[in-house]
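# Notes for the structure review
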Amino acid sequence: MRVRTAYRCQQCGFASPKAGTCPDCKRATGELVPLVEEREAPPPRGLHRRIAAPGTGPRPLKDVVVERGDRTLTRIGELDRVLGGGVVRGSLVLIGGDPGIGKSTLLLQAARALSDALPPVLYVTAEESAAQVKLRADRLGVAAAELLLWAETDLALVEAELDRVQPRALIIDSIQTVFLPQLESAPGSVAQVRECAARLMTIAKSRGIATFLVGHVTKDGAIAGPRVLEHLVDTVLYFEGDQHAAYRVLRAVKNRFGSTNEIGVFRMADRGLVEVPNPSGFFLAERPKDAPGSVVVASLEGTRPVLLELQALVAPAAFGTPRRTVLGADYNRVAVLLAVLEKRAGVPLGNQDVFVNVAGGGRALEPAADLGIVLAAASSFMDRPVAGDIVVIGEVGLTGEVRAVSGLEARLKEIAALGFRAALVPASSLAELRDPPVETTGVATVTDALRRLLD
Ligand code: TYD
Ligand code: MG
């Protein structure tokens, strides 16, 4: 395309094909104003003849039809919920996670139902041999006739076969190990990963194939992995959890077809991933009775209330600056809450090491867990347990006030469902509670809460 260059005065708009100063401004004010280069591409040919296709173009808001998307269930309830009610045809779903967390296992299990609903399913294994995948399938009891396995890393070859195979669901395991031969960079490089994903997006959309990509992340997210793809794909799910513990949490961090922040909880067993329909019970399973420093909070994951056990350990610092270690909660938030506890409630933590952890590898990033963090730290410091049958809910402000939280009724329902006796809630929320399912006590300040639970 030919690019025209012009030089323009930024003060009066005078344009010239040559560089220099503006003669108009010089005449008018005597000032020497430099002309600034402007590049302008000529309009592409035929632009004036383009018209919108029939049925497209502007139309009244009320006439816009919302396409729910053509969804297919994987029949793994936890996965279907995180996807927003099954997988949408023609969508691109990225499943990210550490190596060994269970991504291949999950997708192989999903392929079982997909091969009934969207046959055939093409599983491209670019990491393991077809025999290895077959062994895993045997272990999982997946014996789908309409599941095609292909050990191939060349994405161009896969693309060339699509017309023959006509898959309706496609699994690429993993996006880091496939490559396009026309690109010079190595598989797994940013350029390859991005280009391969873009190509798969076009394939998914144009052929209406439900496509899953597996992407590995390292602990520091350093390699060209899911992060560079997040804006490209429709849905990003992260599979998290401690490799050494059995539970796994599947989390939607982006979803064009559903809500984010939904979680699905699984347990890795001998025969693959097993759904954990009641995550609260799971996170609380090993809770110690009457142990100082342990507090149960009700966190909201998307629309789903989940009870978590918060643990704090406060111990005199051996030397130097006291340590603050936080797992499963926000470090800065905990630092603020400890300062509030010290200043507003007079709990001296300045010479104490503080460790905060969410048991079972859960995450308590919501402000509603604030009061729980404060109470856990205070409970450990005083070496006095918080009653085991009470759940704590509330955001804590800098003046030590306990503030209202969203979704209180949903949280209380979960608390009742799990057999807890009572809940400590923000005093300001008490009035709006009609007929709470458990005994509720309102607290207005941190001091108030400490007095109620630790005196
Ligand atoms: P995998 O799906 O291969 O992880 P990823 O694809 O994310 O790298 O699963 C890895 C781990 O799961 C592996 O350590 C073995 C374990 N596993 C089980 O415990 N039970 C099973 O039934 C399967 C298939 C795997
Ligand atoms: Mg794998």
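Residues numbered from 1 in each chain as written. Chains lettered and ligands numbered in written order. Predicted model: local features only at pLDDT ≥ 70, side-chain atom pairs only at ≥ 80, totals over all residues. Heavy atoms only, no water.

Our focus in this paragraph is the overall build of the protein. When helices and strands are counted, the protein shows 13 helices and 23 strands. Relative to its length of 455 residues, the protein is extended, with a C-alpha radius of gyration of 29 Å against a globular reference of 23 Å. Seen through its C-alpha atoms, the protein measures out along the principal axes to roughly 80 × 80 × 55 Å. Within the protein, the fraction of its 455 residues that count as buried is 46%. For the protein, the share of sequence-separated contacts (at least 6 apart) that also reach a separation of at least 24 residues comes to 67%. Put simply, the protein shows about 22,400 Å² of open surface, and 52% of that area lies on carbon and sulfur atoms. Once the 53 positive and 52 negative side-chain charges of the protein are each reduced to a mean point, those two points are 6 Å apart. (Helix = DSSP H or I, 4+ residues; strand = E, 2+ residues; numbered from the N terminus. Rg over C-alpha atoms; globule rule 2.2 N^0.38 Å. Buried < 20%, exposed > 50% of the residue type's maximum accessible area, 1.4 Å probe, protein only. Contact = heavy atoms within 4.5 Å. Areas by Shrake-Rupley, 256 points an atom, 1.4 Å probe, with all protein chains shown as cover. Lys, Arg positive; Asp, Glu negative; His and termini not counted. Charge placed at Lys NZ, Arg CZ, Asp CG, Glu CD.)

What follows concerns the pattern of salt bridges. Counting across every chain of the model gives 21 salt bridges. For Arg89, the salt bridge goes to Asp70, with nearest N and O atoms at 3.5 Å. Highlighted residues: Arg89 in the loop between strand S5 (87–88) and strand S6 (92–97) and Asp70 in the loop between strand S3 (35–40) and strand S4 (71–72), separated in sequence by 19 residues. Owing to a relative accessible area of 43%, Asp70 belongs among the partly exposed residues under this scheme. (Salt bridge = Lys/Arg side-chain N within 4 Å of Asp/Glu carboxyl O.)

What follows deals with the pairing of strand S22 (residues 422–426). The buried fraction of S22 amounts to five of the five residues, a majority that puts the element mostly inside the structure. Two strands pair when backbone bridges link them, and strand S19 (residues 390–392) and S22 are joined in this way by three bridges, in the parallel orientation. Its bridge partner lying in S22, Ile390 is registered against Ala422. Pairing of S22 with strand S23 (residues 439–443) involves five bridges; the strand directions are parallel. Its bridge partner lying in S23, Pro426 is registered against Val443. (Pairing = 2+ DSSP bridges.)

On to the site of ligand 1. Looking at ligand 1, there are 16 residues lining it, with Gly100, Ser104, Thr105, Ala269 and Gly272 nearest. At 2.9 Å, a backbone N or O of Asp270 approaches an oxygen atom of ligand 1. For ligand 1, an oxygen atom lies 2.6 Å from a polar atom in the backbone of Gly272. For ligand 1, the protein covers 76% of the area, taking 550 Å² as the surface of the free molecule. Elements that contribute at least two residues to the shell around ligand 1 include exactly helix H3 (103–117), helix H4 (130–140) and strand S13 (263–269). When the residues that make up the shell around ligand 1 are grouped by side-chain class, the tally is five nonpolar, five polar and six charged. (Near = heavy atom within 4 Å. Polar contact = N/O pair within 3.5 Å; in protein donor to acceptor, adjacent residues only side chain to side chain. Nonpolar A, V, L, I, M, F, W, Y, C, P; charged D, E, K, R; others polar.)

Here Leu307 shows up in strand S16 (residues 304–316). Under the relative-accessibility criterion, Leu307 is labelled buried at 0%. Sequence-wise, Leu307 and Ala246 are 61 residues apart; in three dimensions their C-alpha atoms are separated by 18 Å. Each residue touching Leu307, except ones within four places of it in the same chain, is listed here: Ser280, Phe283, Leu284, Val296, Val297, Ala298, Val391, Glu414, Ile415, Leu418 and Phe420.

This paragraph deals with the sheet that holds S6. In space, the nine strands of this open sheet follow the order S8-S7-S9-S10-S6-S11-S12-S13-S14, with mixed pairing throughout. Of all strands in the sheet, those with a lone pairing partner are strand S8 (147–150) and strand S14 (272–275), marking the two edges. Here the average twist between neighbouring strands, direction ignored, is 25°. Most of the contacts of H4 go to S8, to which it runs at about 145°, and overall it touches strand S7 (121–125), S8 and S14. (Axes fitted to C-alpha atoms, helices over the stretch in contact; angles between N-to-C directions.)

On to the packing of helix H5 (residues 155–165) against helix H6 (residues 190–207), then. Viewed as axis vectors pointing N to C, H5 and H6 meet at an angle of 10°, and their least axial separation amounts to 11 Å. Judged by the angle between their axes, H5 and H6 are roughly parallel. Taking contact as the criterion, the partners of Leu155, Glu159, Leu162 and Asp163 in H5 are, on H6, Cys196, Arg199, Leu200, Ile203 and Arg207. Considered class by class, the residues forming the contact of H5 with H6 number five nonpolar, no polar and four charged. (Parallel < 35°, antiparallel > 145°, perpendicular 65-115°, else oblique.)

All right, on to the packing of aromatic side chains then. Taken as a whole, this structure holds one aromatic pair when the rule is applied. Between Phe239 and Phe266, the aromatic rings sit 5.9 Å apart at their centres with planes inclined by 90°, giving edge-to-face as the arrangement. With Phe239 in strand S11 (residues 235–240) and Phe266 in strand S13, this residue pair connects regions lying 27 residues apart in the sequence. (Phe/Tyr/Trp six-rings, centres within 6.5 Å; stacked < 30°, edge-to-face > 60°.)

Note on soluble globular proteins: their nonpolar side chains tend to be buried together. If you look at the biggest cluster of nonpolar residues, it comprises 46 residues, and the most contacted ones within it are Leu341, Leu371, Leu375, Leu424, Leu450 and Leu453. Counting residues per element, this core draws most heavily on helix H10 (residues 370–382), at seven residues. Aside from chain neighbours lying at most four places away, what touches Leu371 is Val392, Ile393, Gly394, Val396, Val402, Leu424, Val443 and Ala449. Residues Ile101, Ala137, Val142 and Phe239 belong to the second largest nonpolar core, which totals 33 residues. (Core = buried A, V, L, I, M, F, W, Y, C linked by side-chain atoms within 4.5 Å.)

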